[in-house]
Amino acid sequence: MSILDLKDWLQTPQGQYLLEWEQDGLDRMVADVFGYNAVQVGLPGLDLLRANRMPYRVVCGRAADSGVVADEFELPFASASIDLVLLPHVLEFSEHPHRVLREVERVLVPEGSVVISGFNPLSLWGLRRLLTRRKDAAPPWRGQYRAVMRIRDWLTLLGFEIQGNGFGCYAPPASSLKWLQRWQFMDRAGRRWWPVLGAVYLLHGVKRVHGMRLITPHWRSRKAASKRLSPVAQRDGGSRKAQ
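Residues numbered from 1 in each chain as written. Predicted model: local features only at pLDDT ≥ 70, side-chain atom pairs only at ≥ 80, totals over all residues. Heavy atoms only, no water.

A. Spatial organisation of the overall build of the protein chain. The number of helices and strands found in the protein chain is 7 helices and 7 strands. Reading the protein chain from its N terminus to its C terminus gives the helix and strand order α-α-β-β-β-β-α-β-α-α-β-α-α-β. Every one of the 243 residues in the protein chain was classed for burial, and the buried ones make up 46%. Look at the contacts in the protein chain between residues 6 or more apart in sequence, and 70% of them connect residues 24 or more apart. Roughly 15100 Å² of accessible area belongs to the protein chain as shown, and the carbon and sulfur atoms make up 53% of that amount. (Helix = DSSP H or I, 4+ residues; strand = E, 2+ residues; numbered from the N terminus. Buried < 20%, exposed > 50% of the residue type's maximum accessible area, 1.4 Å probe, protein only. Contact = heavy atoms within 4.5 Å. Areas by Shrake-Rupley, 256 points an atom, 1.4 Å probe, with all protein chains shown as cover.)

Right under this line is the structure:
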């Protein structure tokens, strides 16, 4: 399944339940990320960067209605030209997740941000996916769920520093709105008792570029000491008068 199939699923009660939490978390996470250029990769038609205040925001993806049509692992942007990249469920539905992150690192400016959302395999939704591992499974159960710790390791290897993360959607993956509302109490309990077992996560990383310092030899300009004339005590040549 590709991320294109996920867009239709987000219109279902399950998808709306997840999207509501995810949009609220993204609003808080990207609101204070400043710069000039922001890119949302995938899911055109959803303004997931609505809370961000950068003057230039664009959606890039494979869909024809994207602002910029391109593969997620070959972003058509100059190196060090983007301040914020949003990857909503891109890594679990991409054939080349490592290449995607390398491309993100390339296009981000130093101190630029990447925000990632994904399904958590260590959750009730992850268990639901394991029970339906069929080629004809409906979305989103055919994606390659990846644990948060693995994504953190990948980002760290690329020089990113993790600034924050969050988990949400603790209710079982019921297909009807009625049952999702009945299980709503689990969202309150999950945030308190099992916070890392939410169905979806958000991860914020910042690209760190350590500055170079030119180390020069420790030259000390020493002035050559000029030769000084040593004072010579003058002797009284005259004879002392006798008392």
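B. Broad picture of the packing of aromatic side chains. Counted according to the given criterion, the structure contains 8 aromatic pairs. Between Phe-167 and Tyr-201, the ring centres sit 6.5 Å apart and the planes meet at 55°, which makes this aromatic pair tilted. One end of the pair, Phe-167, is in strand β6 (residues 160-168); the other, Tyr-201, is in strand β7 (residues 200-207), with 34 residues separating them in the sequence. The two residues Phe-167 and Tyr-201 agree in class, both being buried. Cluster of aromatic residues (ring-pair linked, three or more members): Trp-9, Tyr-17, Phe-119, Trp-125, Trp-141 and Tyr-145. Lying across the ring of Tyr-145, Arg-129 places its NZ or CZ 5.1 Å from the centre. (Phe/Tyr/Trp six-rings, centres within 6.5 Å; stacked < 30°, edge-to-face > 60°. Lys NZ or Arg CZ within 6 Å of the ring centre and 35° of its normal.)

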